[in-house]
Amino acid sequence: MFDRSKYKDPWTLDGTLPPLRIRTDRLVLRCWEPSDAPLLESALDLSFEHLRAWLPWAVGEPSELEVVQERLARFRREFLAGEGFVYGLFDTDESEVVGGTGLMPRIGPGALEIGYWIRADRINRGLATEATRALTLAGLALPDVDRIEIHCDPANAASTAVPRKLGYRLRETRRQKSATPEGEDEVTVVFELSDARHLTGPA
């Protein structure tokens, strides 16, 4: 079990971090750099209508280029400090951003949460599954990480398909009132995987 007292605060792994760069068959996953801002803006400009339905952070976009650059610089600082591991998804020659993902230590001791998005003109090609498989292996290889979780809106069929393809177990369905004036129910399904030997899907 993860023992937070062994590590510095915020969450650091005694100098052990996930890889800055991971290569798969069709993707490069790597820590963002501020110079990636124009490529990220291009991907987001194509994708806001697609993303706003599912991702609250997309509602306030687009941002000015300088704001995006500072955001990516902050992601990089946080990655190197062990506070959170946000990756850009690039095509193999890194000339185009095809999405984003990350390993986030926001769900408590011993666990990391993976989130992901894919640009609108690259969806339904298995790229989120390919990236998530790679990050699952990277996350479970870290010291004292017991499990990886994926949290999805059950209405987002494409998103919930990713953990199912990879052998994640559906652990629970959470219901809570939203912060909107209407107080509508928000539903989240939580998938988890704790043993890399149970990971399925193409290598």
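Report follows, based on the coordinates. Because the structure is a prediction, the values reported are computed rather than measured. (Residues numbered from 1 in each chain as written. Predicted model: local features only at pLDDT ≥ 70, side-chain atom pairs only at ≥ 80, totals over all residues. Heavy atoms only, no water.)

Examining the nonpolar core
Rules: What is meant by a nonpolar core is a set of buried Ala, Val, Leu, Ile, Met, Phe, Trp, Tyr and Cys residues, joined one to another through side-chain atoms within 4.5 Å. The classification of residues rests on relative accessible area computed with a 1.4 Å probe and restricted to protein chains. Under 20% of the type maximum is buried, over 50% is exposed, and intermediate values are partly exposed. Numbering of helices and strands starts at the N terminus; helices are DSSP runs of H or I of at least 4 residues and strands are runs of E of at least 2. Any two residues whose heavy atoms approach within 4.5 Å are treated as being in contact.
Grouped together as the largest cluster of nonpolar side chains are 33 residues, with contacts concentrated most on Leu29, Ile114, Ile148 and Tyr168. Those elements that provide at least two residues to this core are strand S2 (28-31), strand S3 (85-90), strand S4 (97-104), strand S5 (111-118), helix H4 (127-140), strand S6 (147-152) and strand S8 (185-193). Beyond its immediate stretch of four places on either side in the chain, Leu29 contacts Leu20, Arg21, Ile22, Thr24, Tyr87, Gly88, Leu89, Thr101, Ala131 and Leu135. Counting 15 residues, the second-largest nonpolar core is a separate cluster that includes Leu72, Phe75, Val86 and Trp117.

What to know about helix H1 (residues 37-45)
To be explicit about the condition: This arc corresponds to the set of directions leading from the helix axis out to the C-beta atoms.
Along H1, the residues that are buried comprise Ala37, Leu40, Ala43 and Leu44. Looking down the long axis of H1, one finds its buried residues gathered within 125° of arc, a one-sided arrangement.

A closer look at the pattern of salt bridges
Convention followed: Think of a salt bridge as a Lys or Arg side-chain nitrogen and an Asp or Glu carboxyl oxygen that are within 4 Å of each other.
By the definition in use, this model includes 18 salt bridges. Here Arg74 ties to Glu78 by a salt bridge, and the two come within 3.5 Å at their closest N and O atoms. Taken together, the residues span about one helical turn, with Arg74 and Glu78 both in helix H3 (residues 65-81) at a distance of four residues. Accessibility expressed as a relative area gives 35% for Arg74, which makes it partly exposed. Its relative accessible area of 22% is what places Glu78 among the partly exposed residues. For Glu172, the salt bridge goes to Arg171, with nearest N and O atoms at 2.9 Å. Residue classification places Glu172 among the partly exposed positions, given a relative accessible area of 29%. Linked through salt bridges whose partners overlap, the residues forming this network are Arg147, Glu149, Arg169, Arg171, Glu172, Arg174 and Glu192.

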